[in-house]
Amino acid sequence: MAQIIDGKAISQIVKDEVKSEVLKLSQKGITVGLAVIIVGDDPASRVYVNNKKKACEALGLISREYALSKDTTNDELLELIKKLNCDDEIDGILVQLPLPSHLDEKLIINSISPNKDVDAFHPQNVGKIMIGDYTFAPCTPAGVMELLSKSSIDVSGKECVIVGRSNIVGKPMSMLMLHKNATVTVCHSKTADLKEVVRRADIVVAAVGKPNFITADMIKEGAVVIDVGINRLENGKLCGDVNFEEVSKKASFITPVPGGVGPMTIAMLMKNTLASAKAKHNL
Ligand code: GUN
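First, a word on what this report is: a plain description of the structure on this page. Being a predicted model, the structure only gives us computed values, none of them experimental.

1. Overview of the sheet that holds strand 4 (residues 92–95)
Reasoning step 1: Sheet architecture is open: 3 strands sit in the order 3-2-4, paired in parallel fashion. Each edge of the open sheet carries a strand with a single partner, namely strand 3 (62–68) and strand 4. For this sheet, the mean angle separating the axes of adjacent strands, direction not counted, is 15°.
Reasoning step 2: Across 7 bridges, the pairing between strand 2 (residues 33–39) and strand 3 is parallel. The residue of strand 3 that forms the bridge with Val36 is Glu65.
Reasoning step 3: Lying on the sheet, helix 2 (residues 43–59) is in contact with strand 2, strand 3 and strand 4; it crosses strand 3 at an angle near 160°.
Reasoning step 4: The strands that helix 3 (residues 74–85) touches are strand 2, strand 3 and strand 4; relative to strand 2, the one it contacts most, it runs at about 180°.

Encoded structure:
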């Protein structure tokens, strides 16, 4: 039976570290601030934004929320971002995605100052991740790396197979693992013989968005299995991309859903915002 990687407990350790650094900065008169912009009334986005606000408050960060109506224009949004880019109290700017379809997501993301882009979605930050010279890594893959390191799982020299090639998870995940000297394979919907490729993995990262997609026959005995998926089933229950029931009997370590990668994402957002404030003050 696999050892369960407790994302809730590990995220709390990260948040405690951030909280103590934020406190130390405040004693020097330095504040750390995050602005979150939400456009429209998507209920899932609302929950995520509320959670980000709560985390800021718990860790002593300044939190500002801009809840804009669903018919906000590109120009109005660009104007707000321009102001926040120059706002000294704000170290991180996050535009909650997805945006309503009339808005130009690329244009909006590109308008965020790369120094305040705590999601690491701006092309300049994406490029910096590619060359291994970055202040921010996207929160979800960064959270996976933190889960592995805090569980004393070394990726150096390991066969790491990532299932999913999104810009937010799969692609940056591959770079973070490569920088730590893993041998990385990225699989996707067109991969021939996916099962055989995943079976080679010492570490599997599942980020496909399909419930129970990774089954025990795809997993090598003793592999580490990280489940990034958050799928809502018809019965309302949350479920990952990994069939936990059967894979946990074969893996050495596994993350549950919920309570695995999910809680790490916000913790890493807090850590990125702190990193931005430190960089601004050359600390
Ligand atoms: N929507 C779902 N996940 C994310 C995220 O990590 N960042 C932003 N900005 N929006 C999201």
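Still to come is the rest of the account.
2. Quick word on a negative patch on the surface
Reasoning step 1: Residues Asp71, Asp75, Glu76 and Glu79 make up a contiguous surface patch of negative charge.
Reasoning step 2: Looking at the secondary structure, you find Asp75 in helix 3.
Reasoning step 3: Residue Asp75 is classed as exposed on the basis of its relative accessible area, which comes to 60%.

3. Overview of the nonpolar core
Reasoning step 1: Core analysis: the biggest nonpolar cluster contains 54 residues, and Met177 and Met270 have the highest contact counts within it.
Reasoning step 2: The element best represented in this core is helix 10 (residues 262–280), accounting for 8 residues.
Reasoning step 3: Val198, Ala201, Val204 and Met218 belong to the second largest nonpolar core, which has 19 residues in total.

4. Here we look at the pairing of strand 4
Reasoning step 1: Burial along strand 4 is two-sided: Gly92 and Leu94 and Ile93 and Val95, pointing in opposite directions, are all buried.
Reasoning step 2: Summarising the sheet, strand 2 and strand 4 pair through 4 bridges and their orientation is parallel. Paired with Ala35 across the bridge in strand 4 is Ile93.

5. A look at the packing of helix 6 (residues 139–150) against helix 10
Reasoning step 1: One can describe the packing of helix 6 onto helix 10 by two numbers: an axis separation of 8 Å at closest approach and a directional angle of 100°. With respect to helix 10, the element helix 6 is oriented roughly perpendicular. For the pair helix 6 and helix 10, the contacting residues are Cys139, Thr140, Ala142, Gly143, Glu146 and Leu147 in the first and Met264, Thr265, Met268, Leu269, Lys271 and Asn272 in the second.
Reasoning step 2: The residue makeup of the contact of helix 6 with helix 10, split by class, is 6 nonpolar, 4 polar and 2 charged.

6. Details of the environment of Lys106
Reasoning step 1: Position of Lys106 relative to the elements: it lies in helix 4 (residues 105–111).
Reasoning step 2: Look at Lys106 and you get exposed, because its relative accessible area is 65%.
Reasoning step 3: The sequence separation of Lys106 and Thr135 amounts to 29 residues, and the corresponding C-alpha distance is 21 Å.

What counts as what
- Residues numbered from 1 in each chain as written.
- Predicted model: local features only at pLDDT ≥ 70, side-chain atom pairs only at ≥ 80, totals over all residues.
- Heavy atoms only, no water.
- Pairing = 2+ DSSP bridges.
- Helix = DSSP H or I, 4+ residues; strand = E, 2+ residues; numbered from the N terminus.
- Axes fitted to C-alpha atoms, helices over the stretch in contact; angles between N-to-C directions.
- Contact = heavy atoms within 4.5 Å.
- Patch = residues over 30% accessible without salt bridge, like charges linked within 9 Å, V, L, I, M, F, W, Y side chains within 5 Å.
- Areas by Shrake-Rupley, 256 points an atom, 1.4 Å probe, with all protein chains shown as cover.
- Salt bridge = Lys/Arg side-chain N within 4 Å of Asp/Glu carboxyl O.
- Lys, Arg positive; Asp, Glu negative; His and termini not counted.
- Charge placed at Lys NZ, Arg CZ, Asp CG, Glu CD.
- Buried < 20%, exposed > 50% of the residue type's maximum accessible area, 1.4 Å probe, protein only.
- Core = buried A, V, L, I, M, F, W, Y, C linked by side-chain atoms within 4.5 Å.
- Parallel < 35°, antiparallel > 145°, perpendicular 65-115°, else oblique.
- Nonpolar A, V, L, I, M, F, W, Y, C, P; charged D, E, K, R; others polar.

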